[in-house]
Structure formats: structure tokens, C-alpha cells
Amino acid sequence: MAKAAVKADADNFPAEFARVTAAIAHRTEVLPTLPTTSTPFIISKALDTLPSTVPDVGLGLNATTTLLLDELCPALSGGQAGPRFFGLITGGVAPSAQLADHIVTSYDPCVQVHLPEETISTAIEARTLDMLLDLLGLSKERFNSNTFTTGATASNFLGLTLGREFVVAKVQERKGVKSPSGLPQWSVGEDGFGGVDVDVFSATAHASTPKAASMAGIGRSNVVDLRSDDPDQPCAFDLVALEKRLRENVGKRGSIVAMSAGEVNTGGFTPFTKEIRELCDKYDAWMHCDAAFGAFGALHPEFEHLSGDLELADSITADAHKWLNVPYDCAAFFSRDPTVLRAVTGPGRATIAYLSSNSCTSASAFPSIDPYRTLPSPLFVNVENSRRFRALPVYATLLSLGKEGYAEIFERNIAFARKVEEWMRAGGGQGGYEVLLPVSSTEKPEDFRTLNIVLFAPSATAPTKFQGDGGAVALCKAINKSRECYCTGTAWKGRGAIRLAVSNHATELERDFEIVVKVLEEVMRE
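No experiment lies behind these values; they were computed from the predicted model shown.

What follows concerns the overall build of the protein chain. Scanning the protein chain from terminus to terminus reveals 15 helices and 11 strands. The C-alpha atoms of the protein chain give 25 Å as radius of gyration, which agrees with the globular expectation for 526 residues (24 Å, within 12%). The dimensions of the protein chain, computed from C-alpha atoms along their principal axes, are 70 × 70 × 45 Å. Burial statistics for the protein chain: of 526 residues in total, 50% are counted as buried. Intrachain contacts of the protein chain at a sequence separation of at least 6 include 75% that bridge at least 24 residues. Accessible surface, the protein chain as shown: approximately 23700 Å² in total, 56% of it carbon and sulfur. With 50 positive and 63 negative side-chain charges, the protein chain shows a spacing of 4 Å between the two charge centroids.

The N-to-C vectors of helix H5 (residues 121-136) and helix H13 (residues 391-425) enclose an angle of 40°; their axes lie 9 Å apart at closest approach. On the basis of the axis angle, H5 is oblique to H13. For the pair H5 and H13, the sense of crossing is left-handed. Side by side, H5 and H13 meet where Ile124, Glu125, Arg127, Thr128, Met131, Leu132, Asp134 and Leu135 of the first sit next to Ala391, Val394, Tyr395, Leu398, Leu399 and Lys403 of the second. When its residues are assigned to classes, the contact of H5 with H13 shows 9 nonpolar, 1 polar and 4 charged.

Cis geometry is adopted by the peptide bond preceding Asp329, which originates at Tyr328 and carries an omega value of -5°. Assignment of secondary structure puts Asp329 in the loop between strand E6 (315-319) and strand E7 (331-335). Residues other than glycine seldom take positive phi values, yet Lys493 does so here, at roughly 55°. Residue Lys493 is classed as exposed on the basis of its relative accessible area, which comes to 59%.

The geometry of an aromatic ring pair is captured by the separation of the ring centres together with the interplanar angle, meaning the angle of the planes. In the structure shown here, the tally under the stated rule is 11 aromatic pairs. Relative to Phe513, the ring of Phe416 lies with its centre 6.4 Å away and its plane at 80°, an arrangement referred to as edge-to-face. Here Phe513 lies in helix H15 (residues 511-525) and Phe416 lies in helix H13, a separation of 97 residues in the sequence. Per residue, the accessibility class of Phe416 equals that of Phe513, and both read buried. Judged by centre distance (5.9 Å) and plane angle (45°), the rings of Trp423 and Tyr433 are tilted. Taken together, the residues Trp423 in helix H13 and Tyr433 in strand E8 (residues 433-435) connect sequence positions 10 residues apart. Both residues of the pair, Trp423 and Tyr433, count as buried. Connected via pairs of aromatic rings, a cluster forms that spans Phe296, Trp323, Tyr406 and Phe410. Cation over ring: Arg336 sits above Phe166, and NZ or CZ is 5.5 Å from the ring centre.

A side chain of one charge can pair with a side chain of the opposite charge when the charged atoms of the two come close. Applying the stated rule across the entire model yields 33 salt bridges. Among the ionic pairs, Glu510 bridges to Lys419, the shortest N-O distance being 3.2 Å. Taken as a pair, Glu510 in the loop between strand E11 (495-501) and H15 and Lys419 in helix H13 lie far apart in primary sequence, 91 residues in all. Lys518 is the partner of Glu522 in a salt bridge, and the nearest nitrogen-oxygen pair spans 3.9 Å. Within this pair, Glu522 and its partner Lys518 are both found in helix H15, separated by 4 residues, close to a single helical turn. You can call Glu522 partly exposed: its relative accessible area is 32%. Of the residues examined, Lys518 reaches a relative accessible area of 31% and is grouped as partly exposed. Residues joined in a network through salt bridges with shared partners are Arg142, Arg277, Asp281, Asp314 and Arg336.

One ladder, built from 5 bridges, connects strand E10 (residues 488-492) with E11; its direction is antiparallel. Looking at E11, one finds that Ala491 is bridged to Gly496. Connecting E10 to the antiparallel partner E11 that follows it, the hairpin turn spans 2 residues, and Lys493 within it adopts a positive phi of roughly 55°.

Within the secondary structure, His505 sits in the loop between E11 and H15. Each C-alpha atom of the pair His505 and Pro95 lies 9.9 Å from the other, and the pair is 410 residues apart in sequence. Of note is the side chain of His505, whose polar atom sits 3.3 Å from the backbone oxygen of Val93.

Locating Ile414 in the fold gives a position in helix H13. Overall, Ile414 belongs to the buried group, its relative accessible area being 1%. Between the C-alpha atoms of Ile414 and His300, which are 114 residues apart in sequence, the distance is 8.8 Å. In contact with Ile414, not counting residues within four places along its chain, are His300, Phe303, Trp323, Thr450 and Leu451.

Angle between the axes and distance between the axes are the two parameters that describe a pair of packed helices. Across the interface, helix H4 (residues 95-107) lies against H13 with an axial gap of 8 Å and an inter-helix angle of 145°. As for how H4 packs across H13, the hand of that crossing is right-handed. Contacts from Ser96, Ala97, Ala100, Asp101, Ile103 and Val104 of H4 reach H13 at Leu392, Pro393, Ala396, Thr397 and Ser400. Considering only residue class, the contact of H4 with H13 consists of 7 nonpolar, 3 polar and 1 charged.

Considering the arrangement of structural elements, one finds His321 in the loop between E6 and E7. According to the relative accessible area criterion, His321 is buried, its value standing at 6%. Here Asp319 takes part through its side chain, which lies 3.4 Å from a polar atom of the side chain of His321. A polar side-chain atom of His321 sits 2.9 Å from the main-chain amide nitrogen of Cys330. The residues touching His321, leaving out its near neighbours within four places in the chain, are Gly91, Thr150, Gly151, Val326, Pro327, Tyr328, Asp329 and Cys330.

Cut-offs and rules
- Residues numbered from 1 in each chain as written.
- Predicted model: local features only at pLDDT ≥ 70, side-chain atom pairs only at ≥ 80, totals over all residues.
- Heavy atoms only, no water.
- Helix = DSSP H or I, 4+ residues; strand = E, 2+ residues; numbered from the N terminus.
- Rg over C-alpha atoms; globule rule 2.2 N^0.38 Å.
- Buried < 20%, exposed > 50% of the residue type's maximum accessible area, 1.4 Å probe, protein only.
- Contact = heavy atoms within 4.5 Å.
- Areas by Shrake-Rupley, 256 points an atom, 1.4 Å probe, with all protein chains shown as cover.
- Lys, Arg positive; Asp, Glu negative; His and termini not counted.
- Charge placed at Lys NZ, Arg CZ, Asp CG, Glu CD.
- Axes fitted to C-alpha atoms, helices over the stretch in contact; angles between N-to-C directions.
- Parallel < 35°, antiparallel > 145°, perpendicular 65-115°, else oblique.
- Left-handed = near helix turned anticlockwise from the far one by under 90°.
- Nonpolar A, V, L, I, M, F, W, Y, C, P; charged D, E, K, R; others polar.
- Phe/Tyr/Trp six-rings, centres within 6.5 Å; stacked < 30°, edge-to-face > 60°.
- Lys NZ or Arg CZ within 6 Å of the ring centre and 35° of its normal.
- Salt bridge = Lys/Arg side-chain N within 4 Å of Asp/Glu carboxyl O.
- Pairing = 2+ DSSP bridges.
- Polar contact = N/O pair within 3.5 Å; in protein donor to acceptor, adjacent residues only side chain to side chain.

Below, the structure written as C-alpha cells:
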């Protein structure tokens, strides 16, 4: 009976797959008109309808598909991948990425062990990482130890663990302490911390940085905010304080400097990266850059200098499921020293036979494969062992859109954010909005300029219901209740605030601006 059910599902698959793809195609067509979120009523109805226990006898593929399409899908945030979902920093799904992701699901490859003559997956992953470096204007020679991860949190975790490996070895070297494992230098991966504490110095770090510090054994309390008090530079370090702490740590504590390229509330960048690089070199520090979405701003003429800033880092985080508009979850991690990455994520001294690469065929027989034969197995340069083929949707969108296509998306998203900012600064919405971003300037490369985020709050003249400690929360709820656009509540300098982040390939400058302005004006009149 059970075997018959499995066969029935297989037999019915073509028809049910056609139903699902037809529904997806229709949803994609009408996505700009869909509500951004579901409703409590629809969600409650779905929870009451959808089974909560495993049935003794399976429902079958047809009935299961019907439940998913008719009950579950309406209870999802229907417009989260749409052009006016400005919450968090959420990209949509480019058409090429969506198709590639279908292929990934169908083939279901585990991109774990490098088997260059059995599957192309690891070669395409390596090629895609090189293509991303090219897109960002970064050197493949410098960033030669790279991987795909689940997101910025995992990439920042890798950045801090590599930094931890590097800086603890530097402290032990200055102390004259040898590796008890007999390695050429101390390795946290093999030997532990050896009594050395590590500090992470940041300026307005993302919440994933203290989380990564916790997971890396560094400790959240050792993440130290050294931002300057310059109101026009939300992500700038106090360089005097930074140098003082770095100098004090030499030979005693490890030091990691965590910069921002696209801070989550303001879209701001850490300025004076050349000076920070010099301090890191002078005082044995590792320089990590969280560029989850800001890295791609380098394709905009006003942010071209960012490539040079990123080039100075030891490691870089770059999300793909944000501004690259590929499906969740996908991010890239770039680093400059393969020995450090492998010391952290490799097998150590152990050799696991069934996880070893096998390249036994003569190299001369297949010259196209030859450049990829020496690639490490992905599981030895990554947090995970079992891994989805995340690279393929990225590869597909890079091919489909090219540099010009992506540059157009980034420029249009930046223009949209700036148009909303200008409308608010000009008194739109009866003057009920106060922009909390510094005023943009392009006089010097380090000057703040609006990227793709508008940070705002109710102004002093906003309606009474939007005043006081809970005013920003109330305003954010009112905007989101429209289900025509969606923003995220946040806090900035001890004050409630709202963040509108534009990172979707489908956001149109005129059509969606008119809808957003309509919503922003209506909530101020209620």
C-alpha cells in the first residue's frame, strides 16, 4: 500500500508540477499588485486547516499540492519578494535566479566534496566566486580563499574566526609561545585560545557581529564600539581611540577591526579605510568588512571608490540574497589567506577518506578541467559539510543581467531611496516625517551619501498618536497596515525610527514612488 502511494505521487508529479509552476508564473506576473503581507484572519484560517500531525495514510500529491496552494500560500507574505517590500534589506528573485533554483532543487546536488570528473558543481561555484570578485572590482590574486555561505551571519562568523586564528597566533608569537601541536605557529583551531583574549573593535556593527563573536568563543562583551561622535559619519571610527586600544593589545590581546560597508540603518560606510589598514598592519590586527549589501554600491558612480576600500580588507562579507536578488539563503565570503581559512574549517590533521577529492585521471586528457583540479573540497573551506548548490542562481543572474543590468538595478534603487528622502525633507506628508540620515555630500570620498536606505521618524509636527516613545512604532504599524508597502522599525541613537530599504530588481521609480507617497500621506491624515 505504501509503495503504491509513492508510485502514485511519482505518476502524478508532472501534472502537479505544472499546477505549481502555473501558479508561480501567475504570481510573478501580478507580484507588483499583491499585498505585502498576509493577514491574521488568513493565517489563523490556514493554521486551523493545515494538518498538525503526520497522517497514517498519506493525503497524496494532489491533495497536498491543493493544501499548499490554497491554504498555505495565501498565509505567506505575498509581496515580500515584490517591489514595495522595504523591510529588513530584502531583495526579490530575479527571473534567471528563480529558474536556476528550480534546477538546483531538481538535481539536488550536495556541493561538499570536489569531484571534478564527476560533477561540474564545484567548478561552477569557484567560477561564480571569481565572477563576483570581477563584478565588485576586487583582485582574485588577493582574495584567493572564498566560499558561499547561508548569509551575512555565517560570513561574519567566518570573518571573526579567521581573525581570531590570525591574531591569537600573532600574540603567541610575540610571547614566544609555541604550538603544543607542533605546528609552525599557534592555531586556535588545533590548540585553543591558549589564554589569549580577543577584542573586536567596531563602529555601529550589525547585530550579527556580537552573535558571531559569541559563536566564535570571543564573547559578546569583547565587541567594543569605538565610533566617533561625528554626526555626519554614522560608521566612522574614533581613530585616536582605535589606535590606543590596538597599541595596548599588542602582545597581550588579539585585535579584530570590523568595518561596515552599508550599515543596516543608514547604508553608511566606514571611512578612512587606508588609515585603518595601516593601523591593523602596525598592531597585528585583522581587518574584516561587513559589506552584506553595500559592496554592490561600488557599481554606482558615486561609490566607485568602495572597491579600493574593500580591497584593503583581510576578509569580506557580501550577501547575494539581498541586492543580487537571488533566493534565500545565499551569501559570499572572501578572504586573503587560504592557510587561515583551512586552519579554521578544514579537517585538521585528520583525513576522512570518503570526503576526500578524487582526481585520478591524467590531467592532459581533459584540459578544460585542469584549472579546477586543485580546488579544495568546499566542506574544508566552509562552516557546513552538507551544502545546497547556492552558486547556481548567482551564476545564472550574473550571466543573464551582466554588469550593466546589475548596475541599472543598483542605480534605480538608489535613485528611489533618494527620491523618497527628498520628498520627506521637502515637507511631504504634511511635514510629518523627519529624515535621520546626514545630508549627502560628494565633495570627498569619505563623505556620507545616501545609498538605498531612508532612515526616518515622526517629526515634531506629526499627529499626536505618532509622538512620544512609541510614536515610531505606531507610525511603522500604520504604514505596514496598508499592505501596499512595508518598512522595518528600528532604533537610532536612542530614538525610535523606521527604515525603508530599497533592494528589489522590480522596484520602479515612478509607479512605486506614487504608491509609497500615497501611503505616507494617508497615514498622516488618519
